[in-house]
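# Summary of the model geometry
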Amino acid sequence: MKKKTLVLGASLKPARYSNLAINRLVKHGQPTVALGLRKGNVNGVEIKNEKFPFEDIDTVTLYLNAKRQQEYYDYIISLNPERVIFNPGTENPELYDLLDKNGIQYENACTLVMLSSHQY
């Protein structure tokens, strides 16, 4: 099933996990959009550097630590995703509470592992 995914904390650097996630999402045929500090392009996915009002987001996969996530709380909720994936190092109980209050599912998982094990 195709799930439009927002990679939040996207990087142009090939060694970064967010960059690897973009590449693997594309490889698996998942519609992918990205938001990061710098504009650019990774495997055909344009990285925006401003809070863009993406539509029909199923999944937000996070690559920002808890402190850096704070400025995106309202933005994430405004996108009304089905779920948010907290990749290793992004765990955030404060955001869990906000997601719960807004009926948004979340899980602590690794997008790369989920894709490779067909759990995405």
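Residues numbered from 1 in each chain as written. Predicted model: local features only at pLDDT ≥ 70, side-chain atom pairs only at ≥ 80, totals over all residues. Heavy atoms only, no water.

Three or more residues of helix α1 (residues 17–27) are buried, namely Ser18, Asn19, Ala21, Ile22 and Leu25. All buried residues of α1 fall inside an arc of 160° around its axis, so they share one side. Turned more than 90 degrees away from the buried face of α1 sit Tyr17 and Lys27, all of them exposed. The inward-facing, buried residues of α1 contact β1 (5–10), β2 (32–36), β3 (40–42), β4 (45–48) and α5 (111–116). Note on α1: the residue one or two positions beyond its end, Gly29, has a positive phi of about 75°. (Buried < 20%, exposed > 50% of the residue type's maximum accessible area, 1.4 Å probe, protein only. Helix = DSSP H or I, 4+ residues; strand = E, 2+ residues; numbered from the N terminus. Arc of directions from axis to C-beta. Contact = heavy atoms within 4.5 Å.)

Overall, mixed pairing links the 7 strands, which are arranged β3-β4-β2-β1-β5-β6-β7 in an open sheet. The open sheet terminates on both sides in strands that have one partner only, identified here as β3 and β7 (105–108). Pairs of neighbouring strands in the sheet enclose a mean axial angle of 25°, with direction left out of account. Judged from the 2 bridges that link them, β2 and β4 form a sheet pairing that is parallel. If you follow Leu35 over to β4, its bridge partner there is Lys48. Against the sheet, α1 makes contact with β1, β2, β3 and β4, and its axis sits at roughly 160° relative to β1, the strand it touches most. (Pairing = 2+ DSSP bridges. Axes fitted to C-alpha atoms, helices over the stretch in contact; angles between N-to-C directions.)

On to the pattern of salt bridges, then. Inspection of every chain in the model, using the stated rule, returns 2 salt bridges. Between Glu46 and Lys48 there is a salt bridge, with the nearest N and O atoms lying 3.4 Å from each other. Under the relative-accessibility criterion, Glu46 is labelled partly exposed at 47%. Put simply, Glu107 and Arg83 hold a salt bridge, and the shortest N to O gap is 3.3 Å. In this pair, Glu107 is assigned in strand β7 and Arg83 in strand β6 (residues 83–86), connecting sequence segments 24 residues apart. (Salt bridge = Lys/Arg side-chain N within 4 Å of Asp/Glu carboxyl O.)

Along helix α4 (residues 93–101), the residues classified as buried are Leu95, Tyr96 and Leu99. For α4, the angular spread of the buried residues around the axis is 110°, confining them to a single face. Residues Pro93 and Lys101 are exposed on α4 and point more than 90 degrees away from its buried face. Elements in contact with the buried residues of α4: β5 (59–62), α2 (66–69), α3 (73–79), β6 and β7.

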